[in-house]
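Secondary and tertiary structure notes
This is what each chain is made of:
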Amino acid sequence: MSEFENCSGNCNSCGSDCVDTEHATVTLTLDNGEELECAILTVFPSQGNKYIALLPLNENGENEDGEVFIYRFSQIDGNPMLDNIEDDEEYEAAADAFDEWMDNLEFDELDGIVGEDA
């Protein structure tokens, strides 16, 4: 059995040592050196791996276009690690799992995350 098999995306309920996603943010350093603040939408399982969905935020803490970044997620010595997904099939499976998570949300729950402009 995979350690992520029972993951619901809510790290507070599963006893996992991943991250508390409620109101959490992460700062990404892009290839060009630019830093981008992102809201953590969820950590979710797909095909035995764990992934994280991030919502890029502008300087006012809002998302302008609804774009979401998906990365492979792990922890090493308690530190969260994000890895690019290089394989198209793996990315499609992760994106499908994220879409399923989105489909299961109530509109009001998501409204507080992405704001009115998304």
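Residues numbered from 1 in each chain as written. Predicted model: local features only at pLDDT ≥ 70, side-chain atom pairs only at ≥ 80, totals over all residues. Heavy atoms only, no water.

**A few points about the overall build of the protein**
- Each helix and strand in the protein was counted, giving 3 helices and 5 strands.
- Burial analysis of the protein (118 residues in total) assigns 36% to the buried set.
- Restricting to contacts in the protein with at least 6 residues of sequence separation, those with at least 24 account for 37%.
- About 7,700 Å² of surface is accessible on the protein, with carbon and sulfur atoms providing 40% of the total. (Helix = DSSP H or I, 4+ residues; strand = E, 2+ residues; numbered from the N terminus. Buried < 20%, exposed > 50% of the residue type's maximum accessible area, 1.4 Å probe, protein only. Contact = heavy atoms within 4.5 Å. Areas by Shrake-Rupley, 256 points an atom, 1.4 Å probe, with all protein chains shown as cover.)

**A few points about helix α2 (residues 88-104)**
- Here α2 is 17 residues long and its end C-alpha atoms lie 24 Å apart, about the 24 Å a rise of 1.5 Å per residue gives.
- Inspection of α2 places Glu90, Ala93, Ala94, Ala95, Ala97, Phe98 and Trp101 among the buried residues, and these make up the whole buried set.
- Buried residues along α2 sit against β2 (35-46), β3 (49-56) and β4 (69-76).
- For α2, the capping residue at the N-terminal end is aspartate 87, with a side-chain oxygen 3.2 Å from the backbone nitrogen of glutamate 89. (Expected span 1.5 Å × (residues − 1). Polar contact = N/O pair within 3.5 Å; in protein donor to acceptor, adjacent residues only side chain to side chain.)

**Notes on the pattern of salt bridges**
- The tally for this structure, following the rule as stated, stands at 1 salt bridge.
- Its salt-bridge partner being arginine 72, residue glutamate 90 comes within 2.8 Å of it at the nearest N-O pair. Of this pair, glutamate 90 sits in helix α2 while arginine 72 is found in strand β4, placing the two residues 18 residues apart along the sequence. (Salt bridge = Lys/Arg side-chain N within 4 Å of Asp/Glu carboxyl O.)

**Some thoughts on the nonpolar core**
- Core analysis: the biggest nonpolar cluster contains 15 residues, and Leu41, Phe44, Tyr51, Ile70 and Phe98 have the highest contact counts within it.
- Of all the secondary structure elements, the ones that give two or more residues to this core are β2, β3 and α2.
- At 5 residues, α2 tops the list of elements feeding residues into this core.
- Not counting chain neighbours up to four residues away, the residues in contact with isoleucine 70 comprise Phe44, Tyr51, Ile52, Ile85, Tyr91, Ala94, Ala95 and Phe98. (Core = buried A, V, L, I, M, F, W, Y, C linked by side-chain atoms within 4.5 Å.)

**So, the confidence of the model for the protein**
- With 69% of its residues at a pLDDT of 70 or more, the protein has an overall mean of 79.
- Helix α1 (residues 11-14) is the least confidently modelled element of the protein, averaging 44 in pLDDT, while β3 averages 95, the highest of any element.
- Note on residues 1-19: pLDDT is under 50 here. Beyond four places in sequence and across chains, it has 28 contacts. (pLDDT = per-residue confidence, 0-100.)

**Things to note about the sheet that holds strand β1 (residues 25-29)**
- Pairing is antiparallel across the open sheet formed by 5 strands, whose spatial order is β1-β2-β3-β4-β5. Each edge of the open sheet is held by one strand with a lone partner, namely β1 and β5 (79-83). The average angle at which neighbouring strand axes cross in this sheet is 50°, direction not considered. (Pairing = 2+ DSSP bridges. Axes fitted to C-alpha atoms, helices over the stretch in contact; angles between N-to-C directions.)

**Details of unusual backbone geometry**
- With a phi close to 50°, glutamine 47 is a non-glycine residue in the positive phi region.
- Residue class for glutamine 47 comes out exposed when judged on its relative accessible area of 66%.
- Of note, the phi angle at aspartate 77 is positive, near 50°, even though the residue is not glycine.
- Tracing the backbone shows aspartate 77 in the loop between β4 and β5.
- Accessibility expressed as a relative area gives 77% for aspartate 77, which makes it exposed.

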